[in-house]
Amino acid sequence: MTAQQKATLQKLGPFIALLVVSGALAIMSPDFLTVGNLMNVMRQVSINALIAFGMTLVILLGGIDLSVGSILALSSVCIALMIQSGLDPVLATLLGIAAGAGMGFANGWIISKGKVAPFIATLASMTILRGLSLVFSGGSPITGLDSDFFQMLGGGYVAGLVPVPVVWMLLMFAGFWFLLKQTVFGRHVYATGGNEEASRLSGVKVDRIKIWVYTVSGAMSAMAGVVLTSRLNSAQPTAGTGYELDAIAAVVLGGTSLTGGRGWIFGTLMGALLIGVLNNGLNLLGVSSFYQQVIKGAVILLAVLLDRAGKK
Amino acid sequence: MKVSMRGICKAFGPVRVLENVDFTLHGGEIHALMGENGAGKSTLMKILSGVYQPDSGSVEVDGKAVAIRTTRDAEAAGIAIIHQELNLIPQLSVMENLFLGREPSRFGVIQRAAMRQQARAQLDALGASQIDVEAEAGSLSIGQQQMVEIAKALAMDARVLIMDEPTAALSAREIDTLFALMRGLQARGVAIVYVSHRMEEIFHICDKISVLRDGCFVGERVIADTGFDEVVKLMVGREIGDRFPGRDVVPGAVRLAVRGLSDGRHIDGISFEARAGEVLGIAGLMGAGRSEILKTLFGVNRRTAGEVWLDGAPLDLRSPAAAIAAGLAFVTEDRKSQGLVLGMSVRENATLVHLDSYARLGVVNGAAEQAAVAQQISQLRIRTRDAELDVKSLSGGNQQKVVFAKWLAKPPKVLLLDEPTRGVDVGGKAEIYHIINQLAAAGVAIVMVSSELPEVMAMSNRILVLHEGRQTALFDAANLSQEDIMAAATGTAGHDTRTTQD
Ligand SMILES: Nc1ncnc2c1ncn2[C@@H]1O[C@H](COP(=O)(O)OP(=O)(O)OP(=O)(O)O)[C@@H](O)[C@H]1O
Ligand SMILES: [Mg+2]
């Protein structure tokens with residue numbers, strides 16, 4: 001096997017893992033491999049995948065965004081309040097996503113201009129934004145969002161088969177693929193993550209790249225918030241707690257390096273699907289939710305260890 | 001003592017790097033190992049020091065086979081190495097780096113006082129008394145880091161000392177101290193392998209010379225019986241012609257004008273002009289502030305005083321991006337940390353600066369990019385199997401050419417060069433000099449910092465000399481001697497030697 005073939009195999013690792021796990025579940029549970037169930041899995045995965053796409057950019061830069069769950073919650077609360085107050089739902093949704101982008105922008109600004117470590121900056125904003133969503137919502141869920149448009153965003157189907165959030169996910173996947181592979185911006189993200197100093201000296205506007213990346217991450221979290229709020233038909237101030245960990249897990253499972261500069265969006269999609277398929281399969285098999293956590297953690301560890309071994 | 005490596009073969013994947021190489025080393029000799037970039041010198045030495053395992057072949061010390069599987073084994077056999085690439089941990093202090101893995105301790109508690117004292121003594125012995133042992137290694141200049149690496153290897157008290165381009169970032173004074181130390185070790189019977197692309201040094205300090213070409217051993221010579229031309233012919237397999245190709249360009253209008261430039265820390269009141277088609281050399285000792293001038297011009301360091309004009313218009317010194325937009329290019333001295341994104345491919349590095357030229361509305365035209373890179377690879381003769389290879393896998397000299405490629409994708413107005421041929425072989429140097437001459441002929445103003453005096457003297461029209469951040473002379477390069485430069489660089493010139501050429 002040549003080095004090139006080995007590298008390709010290595011890169012496809014997450015995909016192969018997904019096939020193996022899906023195959024095993026298909027054998028163990030007859031309900032797994034049905035169109036209905038698979039669409040269901042995809043829909044469940046979509047929220048994590050949307051967040052993880054943004055997180056991929058952040059991690060490619062060598063950063064981390066812990067505030068995604070709080071951004072999700074606060075933008076949901078904002079959207080729900082706007083719809084409740086009679087604002088046009090389309091406009092409210094767009095404003096909500098813009099608000100998420102704004103929160104991400106603030107993260108990026110503090111990290112690049114204030115030179116605060118991403119972990120600390122987003123840990124702080126995670127707490128602040130969570131607090132704000134409790135403040136704005138008065139601590140309780142906001143319900144009664146009777147808008148057909150808004151309910152369609154998370155609960156609708158395209159052609160009566162494909163859930164709308166899955167369409168979002170696939171569109172965003174294509175967009176991120178293009179962004180990372182084909183654009184100057186994408187190249188600059190990899191370069192900055194690989195060697196910030198050399199990139200700056202090569203004229204890459206490193207600060208600007210960072211701000212944009214966190215802004216995108218914020219917008220993606222808000223978009224996930226739209227899907228979740230629409231599905232539940234209510235905005236929960238405590239929604240999205242712990243989502244940052246699922247997103248990071250998806251990115252890492254996908255083979256993106258936590259030190260930055262290396263990784264790809266396809267891996268992240270596979271990582272998110274792998275986590276989703278595991279959740280779904282273990283439910284179908286009736287494994288207790290306590291054991292589910294143990295198994296999920298072990299699979300993540302195993303995948304990363306295999307990845308390491310393959311690189312040697 | 002005698003160390004022999006026999007029939008060493010090594011391949012990385014499909015690439016055969018060493019083929020059946022024999023190399024013999026005796027106690028008390030300084031043995032030069034020469035070869036073009038990528039010839040396999042570093043790989044051979046990494047095998048001797050346990051970093052790599054050979055695919056076949058053996059190492060014998062005094063006729064007995066020894067197995068060197070790890071760097072620990074090598075240390076146990078008395079083999080120490082100063083690697084070509086700097087390996088200090090930037091966040092640790094100088095002394096912590098010096099004693100990494102063998103900290104003086106009692107019951108597991110580090111004896112900091114003892115450590116400080118020994119570190120101080122080791123650096124002083126190298127004449128590096130200006131290096132603070134408590135300073136973070138990352139805050140030192142490249143030359144100073146190199147001194148720390150040397151001190152680290154010397155502290156091992158080795159019987160075999162491998163020095164892989166130890167002087168690449170040092171200036172004349174440090175090199176003299178280093179050579180004196182090497183002679184001392186030689187007298188004590190230590191065997192030294194000396195890898196360098198600086199011909200003057202080889203002929204000055206070495207007794208013997210072994211040459212590798214494309215991974216094969218091509219010969220051993222006693223220094224006294226050979227000369228520059230023969231060595232080059234062994235290395236390259238052909239004659240390379242002039243070492244310093246001549247340039248027939250009459251400098252034109254002033255492009256870069258600098259008046260009273262200071263950064264408040266390293267440089268003070270620097271003034272010079274560089275004309276179209278001119279190469280302005282900057283010489284000085286390590287730490288004199290040579291690189292700092294370039295960094296300030298390029299917007300990396302803040303300027304605290306002074307004015308800079310480019311083609312008669314004030315130059316924006318706020319950021320590298322602004323400098324690049326104005327038409328400046330900057331080949332930095334440390335390609336590992338400042339020049340290249342290791343982990344990215346040759347192609348991605350080569351187009352990093354001017355990626356916009358192959359893009360429309362921010363979308364890269366892959367075909368145009370690949371074509372441009374392919375052209376640059378052949379034009380600069382970058383030796384790589386494939387533009388998609390990680391730039392890390394290229395030899396040092398070829399990495400340097402990738403740095404050039406990145407800046408020359410669009411011809412700059414002013415080219416700042418900081419040690420442009422550091423670690424580049426004779427052939428590669430000549431090629432880089434050709435590139436410099438071509439750019440000069442095209443009207444680029446070139447400002448070049450170099451520690452290699454023969455290079456500055458041969459390539460420059462005029463030479464600015466610094467001493468502790470101030471300029472002590474601005475010479476016309478014609479009819480200049482090394483002594484003139486050294487006198488100005490050490491601040492011992494009795495009179496103001498500044499020439500008034502313009
Ligand atoms: N880890 C590696 N993986 C793959 N190829 C490598 C690796 N290390 C070195 N090579 C290749 O082996 C060849 C020899 O490299 P080496 O570093 O030994 O050259 P060198 O003679 O020291 O050159 P230089 O004068 O530029 O330092 C080069 O073609 C290089 O690309
Ligand atoms: Mg080498």
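Residues numbered from 1 in each chain as written. Chains lettered and ligands numbered in written order. Predicted model: local features only at pLDDT ≥ 70, side-chain atom pairs only at ≥ 80, totals over all residues. Heavy atoms only, no water.

Colleague: Got a minute to help me understand the coordination of the magnesium ion (ligand 2) in this structure?
Modeller: Note on metal geometry: ideal angles are 109.5 degrees for four donors arranged tetrahedrally and 90 or 180 degrees for six donors arranged octahedrally. Residues and elements named next belong to chain B. Summarising the metal site, the magnesium ion (ligand 2) is bound by the protein donors Ser42 (OG) and Gln84 (OE1), whose distances to it range over 1.9 to 2.1 Å. Remark: Gln84 occurs in the loop between strand E6 (79–82) and helix H3 (94–98) and Ser42 occurs in helix H1 (residues 41–48); sequence separation between them is 42 residues. Classification of Ser42 as buried rests on a relative accessible area of 17%. (Donors = N, O, S within 2.8 Å, 3.2 Å for Na, K, Ca; no water. Helix = DSSP H or I, 4+ residues; strand = E, 2+ residues; numbered from the N terminus. Buried < 20%, exposed > 50% of the residue type's maximum accessible area, 1.4 Å probe, protein only.)

Colleague: Explain the confidence of the model for chain B here, please?
Modeller: Do not read the fine detail of predicted coordinates wherever pLDDT is low. All names here are of chain B. Here chain B averages 89 in pLDDT, and 98% of its residues register 70 or above. Taken as a whole, residues 495–502 scores under 50 in pLDDT and shows 15 contacts with residues more than four places along the chain or in a different chain. In the predicted complex, the global pTM is 0.86; the interface-specific ipTM is 0.86. (pLDDT = per-residue confidence, 0-100. Contact = heavy atoms within 4.5 Å.)

Colleague: I'm lost on the interface of chain B and chain A in this one. Help?
Modeller: One frequent convention defines the size of an interface as the accessible area lost when the parts assemble. Facing 29 residues of chain B, the contacting portion of chain A comprises 20 residues. Approximately 1800 Å² of surface area, both sides summed, lies buried where chain B meets chain A, with 61% of it carried by carbon and sulfur atoms. Viewed at the interface, chain A and chain B are joined by two salt bridges. If you look at where chain B meets chain A, you find eight residue pairs in polar contact (both at pLDDT 80 or more). When residues of the side of chain B that touches chain A are traced back to their parent elements, those giving at least two are helix H10 (320–326), helix H11 (335–339), helix H12 (346–350), strand E20 (363–364) and helix H14 (396–408) of chain B. Residues that form the side of chain B that touches chain A fall into these classes: 15 nonpolar, seven polar and seven charged. (Buried area = accessible area lost by both parts, 1.4 Å probe. Salt bridge = Lys/Arg side-chain N within 4 Å of Asp/Glu carboxyl O. Polar contact = N/O pair within 3.5 Å; in protein donor to acceptor, adjacent residues only side chain to side chain. Nonpolar A, V, L, I, M, F, W, Y, C, P; charged D, E, K, R; others polar.)

Colleague: Hey, could you run me through the sheet that holds strand E16 (residues 305–310) of chain B in this one?
Modeller: The strands that make up a sheet are held in pairs by hydrogen bonds between backbone atoms, and each pair lies either parallel or antiparallel. Residues and elements named next belong to chain B. If you walk across this open sheet you meet the four strands as E14-E13-E16-E17, and the pairing is antiparallel. In the strand order of this sheet, the two ends are held by strand E14 (270–275) and strand E17 (313–314), each with one partner. Where helix H9 (residues 290–297) meets the sheet, it contacts strand E13 (254–262), E14 and E16, and its direction lies at approximately 110° from that of E13. (Pairing = 2+ DSSP bridges. Axes fitted to C-alpha atoms, helices over the stretch in contact; angles between N-to-C directions.)

Colleague: What is the right way to look at the domain arrangement of chain B in this model?
Modeller: Residues and elements named next belong to chain B. Domain assignment breaks chain B into domain 1 (2–236), domain 2 (252–327 + 412–502) and domain 3 (347–410). Computed over C-alpha atoms, the centres of domain 2 and domain 3 are 26 Å apart. On the domain 3 side, the residues contacting the 13 residues of domain 2 number 12 residues. When the buried area of domain 2 at its contact with domain 3 is split by residue, Ile324, Glu431 and Ile435 rank highest and sum to 40% of it. Between Glu431 and Arg381 there is a salt bridge, with its nearest N and O atoms 3.3 Å apart. Here the side of domain 2 that touches domain 3 gets five residues from one element, more than from any other, and that element is helix H15 (residues 426–441). Looking at side-chain class alone, the side of domain 2 that touches domain 3 contains nine nonpolar, two polar and two charged residues. (Domains from an automatic or database assignment.)

Colleague: It is not clear to me how the environment of B:Gly339 should be interpreted in this structure. Could you clarify?
Modeller: Assignment of secondary structure puts B:Gly339 in helix H11. Sequence spacing of B:Gly339 and B:Lys406 is 67 residues, and the spatial spacing of their C-alpha atoms is 9.4 Å. When sequence neighbours within four positions are dropped, the list of residues in contact with B:Gly339 reads A:Ala198, B:Thr332, B:Asp334, B:Val403 and B:Lys406.

Colleague: Quick question: what am I supposed to make of the site of ligand 1 here?
Modeller: Residue and element names in this part refer to chain B. Around ligand 1, the structure places 19 residues, and the nearest of them are Asn37, Lys41, Ser42, Thr43 and Ser393. Thr43 places a side-chain nitrogen or oxygen 2.5 Å from an oxygen atom of ligand 1. Here His197 contributes a side-chain N or O atom positioned 2.8 Å from an oxygen atom of ligand 1. Compared with its free state, where it exposes 640 Å², ligand 1 has 78% of that area covered by protein. Put simply, the parts of the chain that give the shell around ligand 1 at least two residues each are H1 and H14. The greatest single-element share of the shell around ligand 1, amounting to three residues, is contributed by H1. A per-class count over the shell around ligand 1 returns five nonpolar, 11 polar and three charged. Taken domain by domain, the makeup of the shell around ligand 1 includes at least three residues from each of domain 1 (2–236) and domain 3 (347–410). (Near = heavy atom within 4 Å. Areas by Shrake-Rupley, 256 points an atom, 1.4 Å probe, with all protein chains shown as cover.)

Colleague: Would you mind going over the pattern of salt bridges with me for this structure?
Modeller: Once the charged atoms of two side chains with opposite charge are near each other, the side chains can pair. Inspection of every chain in the model, using the stated rule, returns 29 salt bridges over all chains. Salt-bridge contacts for B:Glu278 lead to B:Arg462; the nearest nitrogen and oxygen are separated by 2.7 Å. Of this pair, B:Glu278 sits in the loop between E14 and strand E15 (279–284) while B:Arg462 sits in strand E23 (residues 462–467), and the two are 184 residues apart along the sequence. By relative accessible area, which is 2% here, B:Glu278 ends up buried. The exposure class assigned to B:Arg462 is buried, which follows from its relative accessible area of 2%. Across the salt bridge formed by B:Arg347 and B:Glu388, the nearest N and O atoms sit 2.7 Å from each other. Residue B:Arg347 is found in helix H12, and its partner B:Glu388 is found in the loop between helix H13 (366–379) and H14; the two are separated by 41 residues along the sequence. Look at B:Arg347 and you get buried, because its relative accessible area is 12%. The structure contains a network of salt bridges with shared partners spanning A:Arg187, B:Arg347, B:Glu348, B:Glu369 and B:Glu388.

Colleague: Help me understand the sheet that holds strand E5 (residues 64–66) of chain B, please; the structure alone is not making it clear to me.
Modeller: All names here are of chain B. Read across the sheet, four strands follow the order E2-E1-E4-E5 without closing on themselves; strand pairing throughout is antiparallel. Looking at strand neighbours, the two that pair on one side only are strand E2 (15–26) and E5, the edges of this open sheet. The average angle at which neighbouring strand axes cross in this sheet is 30°, direction not considered. Packed on one face of the sheet, H1 meets strand E1 (2–12), E2 and strand E4 (56–61) and runs near 120° to E1.

Colleague: For this particular structure, what's the right way to read the environment of B:Gly327?
Modeller: Residues and elements named next belong to chain B. Tracing the sequence through the fold places Gly327 in the loop between H10 and strand E18 (328–331). Assessed through its relative accessible area of 14%, Gly327 is described here as buried. Not counting residues up to four positions away in its chain, the partners in contact with Gly327 are Pro412, Lys413 and Val414.

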